[in-house]
Amino acid sequence: MSFLELKGIVKEFGPVRTIKGIDLQIEKGEFIVFVGPSGCGKSTLLRLIAGLEATTQGSLQLDGRDITHVPSAKRDLAMVFQSYALYPHMTVFDNMSFALKLAKVDVATRQQKVERAAKILNLTQYLQRTPKELSGGQRQRVAIGRAIVRAPKVFLFDEPLSNLDAALRGQTRVEIASLHRDLGATTIYVTHDQVEAMTLADRVVVLRDGLIEQVGTPLELYDHPANQFVAQFIGTPQMNVVKTAAVPELSRLAGTRLPTDGAVGVRPEYVRVGAAGTGLAARVELIESLGSDTLIHTRIGESHDGVPLVSRQSERTTLKPGDTVGISFDATALHLFDAQGRTLRALQQAA
Amino acid sequence: MSTTYPNGFPYVRTFFAWAIALLLFFPLLWLGLTAFKTEMQAIAVPPQLIFTPTLSSFVEVQQRSDYLLYAKNSLITSLVSTILGLMIAAPAAYSMAFFRTKRTRDILMWMLSTKMMPAVGALVPVYVMAQTTGLLDSLPALIIVFTLSNLPIMVWMLYSAFKEVPNDILEAVRLDGATVWDEFRHVILPLTMGGIASTGLLCLVLAWNEAFWSLNLTSANAGTLAALIASYSSPEGLFWAKLSAASLLAIAPIIVFGWFSQKQLVQGLTFGAVK
């Protein structure tokens, strides 16, 4: 039996069904990331696990104990909120030791645990300050510290980095990853940022409209997406998906029979931009030079309403918008989707 | 120092501001002056602005009636009704602020609507109830009535104070393992202390100044300072100097108190007005 088990979880807010039946097993020590577009139910699912919302149907088991109807306070979970939710009238020390105080842990132990957490998070010199005297990144660390001190069964993170600026976000992401490596605590992390999902997760849970689209390791999702939604959600720039009917030459180019009513996907790094006359004729629309990468936006055919394709290459380019080029790609790099957007595995393996 | 006014006429604006302020303050000023006059000076025409002050009215008031008894009654009724009211209103406001239902708004409106009813409409039933329970002219009767009549305002004010506490913080406390009482004592109470203090102060002032019920439900034993003042408007005519002296004695404590707590009071009344 898994450490944390979600069975048939359903959540309704009035007549609206936000979570439509989720089954998920999480193992001890895993770092799980819930990712999906806004409104997919990822935060609601986290709040259900935290006990901040009551489930409409289904059950939750934590470490062999049914916690479906156990109040938040008794679930032995700690949560880091998007807004940090620090207690504004308490010092950093009191914020971090509050849960232990409530649990009637003696003063010496409290002191020792808070100091250890503060040391890990570089907060030692701020322990006597109040939250409003701290920067955003420091508040974030206090919120994490408050969770660590309790040594809970599961850490819950609700979009913890979305209030930080880009540089700090990258840095804190690395800190969270190394923290998880050191503590080995079971963690559930909600984000809409697929880069965070890819870099932090042992396994990623992709959600859409209250349902799980796919669960897998980051690279599994990247290489073998279960459907067109996951394929396009994971990876930036997103995977090119072309309706087979729109570009009849695709079949010949791919060297395999393609589903006539489906679509073909190819990641930008597998789209090769060559000289005009080779492969598919296309026109350059825009060049984005990122330094390490160059993104070439093209349209197949001559007209402006042609099918758009993005190519990503590590070499720099002398191409300019308006240039005519030839597009080609490996048949092995293609993802095939049926009319409903599901990945056609059989065809892919055949190719 | 030069001050720029947005639309000119600085003197006109200043003049009107002072005029209104003086108009509001004049009765108090006159009360203060009259209290230190003799009865003859008090009814003199034209009114005397310059006179030799005397404490004779105060002495007479103290001789004729026991100021300290009335003051004690005022103090007890306003303090106890405020504390009792806070104890009842806080849990009510807590549940309405943090566990909203579809009807929370209606309940709040209903509570406020009870303040729209003229108090005299409830006089007979309340009087009869006080009489049958033997509470007529007793402090408990006044305390109960003051508490209940201030309760709607207290619930409203505490409700708006509590609503300022971010929901995330409450959820964080619950996940930290807090019981409802822990949550209230360690987080809500310290975060809303300003609002709670303002609520208490306002209700203290309201109870202190309350006249209708104290006049109608008390006589010799449980009379408050409002009843003391009223006792100087006798059938034989008004004794202006003594009436003023009694009034000054009655309002002095609450004016001093209000002066020191005005910042809190204003904050409480405008709570949540500006986000």
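Note that the coordinates shown come from a computational prediction; the quantities given were computed from them, not determined experimentally. (Residues numbered from 1 in each chain as written. Chains lettered and ligands numbered in written order. Predicted model: local features only at pLDDT ≥ 70, side-chain atom pairs only at ≥ 80, totals over all residues. Heavy atoms only, no water.)

Here's the deal with the overall build of chain A
Counting secondary structure elements, chain A contains 10 helices and 18 strands. Each principal axis of the C-alpha atoms in chain A carries an extent, and together these give about 80 × 45 × 35 Å. Counting the 351 residues in chain A, one finds 51% classified as buried. Intrachain contacts of chain A at a sequence separation of at least 6 include 64% that bridge at least 24 residues. Just so you have it, chain A exposes about 15,900 Å², and 50% of that area is on carbon and sulfur atoms. Considering chain A, the positive charge centre built from 40 side chains and the negative charge centre built from 37 side chains are found 6 Å apart. (Helix = DSSP H or I, 4+ residues; strand = E, 2+ residues; numbered from the N terminus. Buried < 20%, exposed > 50% of the residue type's maximum accessible area, 1.4 Å probe, protein only. Contact = heavy atoms within 4.5 Å. Areas by Shrake-Rupley, 256 points an atom, 1.4 Å probe, with all protein chains shown as cover. Lys, Arg positive; Asp, Glu negative; His and termini not counted. Charge placed at Lys NZ, Arg CZ, Asp CG, Glu CD.)

Looking at helix H4 (residues 136-149) of chain A
With 14 residues, H4(A) should reach 20 Å at 1.5 Å per residue; the first-to-last C-alpha distance of 20 Å fits that figure. Most of H4(A) sits out of view: 12 of its 14 residues are buried. Restricting attention to buried positions, one finds in H4(A) the residues A:Gly137, A:Gln138, A:Gln140, A:Arg141, A:Val142, A:Ala143, A:Ile144, A:Gly145, A:Arg146, A:Ala147, A:Ile148 and A:Val149. Those residues of H4(A) hidden inside the fold are in contact with strand S6 (77-80), helix H2 (92-102), helix H3 (107-120), strand S7 (154-158) and helix H5 (166-183) of chain A together with helix H8 (167-175) of chain B. Downstream of H4(A) by a residue or two, A:Ala151 has a phi angle that is positive, lying close to 45°. (Expected span 1.5 Å × (residues − 1).)

Quick notes on the environment of A:Glu5
Within the element layout of this structure, A:Glu5 appears in strand S1 (residues 4-13). When residues no more than four places from it in sequence are discounted, the contact partners of A:Glu5 are A:Leu24, A:Gln25, A:Ser59, A:Leu60 and A:Gln61.

Structural notes on the environment of B:Trp259
All names here are of chain B. As for its position among the elements, Trp-259 is in helix H13 (residues 240-260). Look at Trp-259 and you get exposed, because its relative accessible area is 61%. Once the C-alpha coordinates of Trp-259 and Phe-51 are considered, the two residues, 208 residues apart in sequence, prove to be 28 Å apart.

What to know about the sheet that holds strand S18 (residues 335-337) of chain A
All names here are of chain A. The sheet built from 3 strands is open, its strands ordered S11-S12-S18 with antiparallel pairing. The strands lining the two open edges of the sheet, one partner per strand, are strand S11 (240-243) and S18. Averaged over all pairs of adjacent strands, the angle between their axes in this sheet comes to 25°, without regard to strand direction. Bridge count between S11 and strand S12 (residues 263-266): 4 bridges; the pairing is antiparallel. Its bridge partner lying in S12, Val-241 is registered against Gly-265. (Pairing = 2+ DSSP bridges. Axes fitted to C-alpha atoms, helices over the stretch in contact; angles between N-to-C directions.)

Description of the sheet that holds strand S9 (residues 203-208) of chain A
Residue and element names in this part refer to chain A. Pairing in this open sheet of 6 strands is mixed, and the strands run S6-S7-S8-S3-S9-S10 from one edge to the other. Of all the strands in the sheet, just S6 and strand S10 (211-216) have a single pairing partner and so form its edges. Strand-to-strand twist in this sheet, taken as the mean axis angle between neighbours without regard to direction, amounts to 20°.

Things to note about the interface of chain A and chain B
Interfaces are often sized by the accessible area lost when the parts come together. Contacts between the two partners involve 21 residues from chain A and, on the opposite side, 15 residues from chain B. Each partner contributes to the roughly 1,600 Å² buried at the junction of chain A and chain B, and carbon and sulfur atoms together form 66% of this total. Of all residues in chain A, the largest losses of buried area upon contact with chain B belong to A:Tyr87, A:His89 and A:Leu102, amounting jointly to 30% of the total for that side. Linking B:Asp176 and A:Arg150 is a salt bridge whose minimum nitrogen-to-oxygen distance equals 3.5 Å. Taken together, the links from chain A to chain B amount to 8 residue pairs in polar contact (both at pLDDT 80 or more). If you list the elements that add at least two residues to the side of chain A that touches chain B, you get helix H1 (42-50), S6 and H2 of chain A. At 4 residues, H2(A) tops the list of elements feeding residues into the side of chain A that touches chain B. (Buried area = accessible area lost by both parts, 1.4 Å probe. Salt bridge = Lys/Arg side-chain N within 4 Å of Asp/Glu carboxyl O. Polar contact = N/O pair within 3.5 Å; in protein donor to acceptor, adjacent residues only side chain to side chain.)

Comments concerning the pattern of salt bridges
Applying the stated criterion to the full structure yields 15 salt bridges over all chains. Notably, a salt bridge pairs A:Glu285 with A:Arg299, separated by 3.1 Å at the nearest N-O pair. In this pair, A:Glu285 is assigned in strand S14 (residues 280-289) and A:Arg299 in strand S15 (residues 294-300), connecting sequence segments 14 residues apart. Residue classification places A:Arg299 among the partly exposed positions, given a relative accessible area of 21%. The salt bridge partner of B:Arg174 is B:Glu183, with a shortest N-O separation of 3.1 Å. Under the relative-accessibility criterion, B:Glu183 is labelled buried at 2%. In the salt-bridge network here, residues are joined through shared partners; they are A:Arg47, A:Glu53 and B:Glu171.

Re the confidence of the model for chain B
Detailed conclusions should not be drawn from predicted coordinates in areas where pLDDT is low. Averaged over all residues, the pLDDT of chain B is 86; the fraction at 70 or higher stands at 92%. Two summary scores accompany this predicted model of the complex, namely pTM at 0.80 and ipTM at 0.83. (pLDDT = per-residue confidence, 0-100.)

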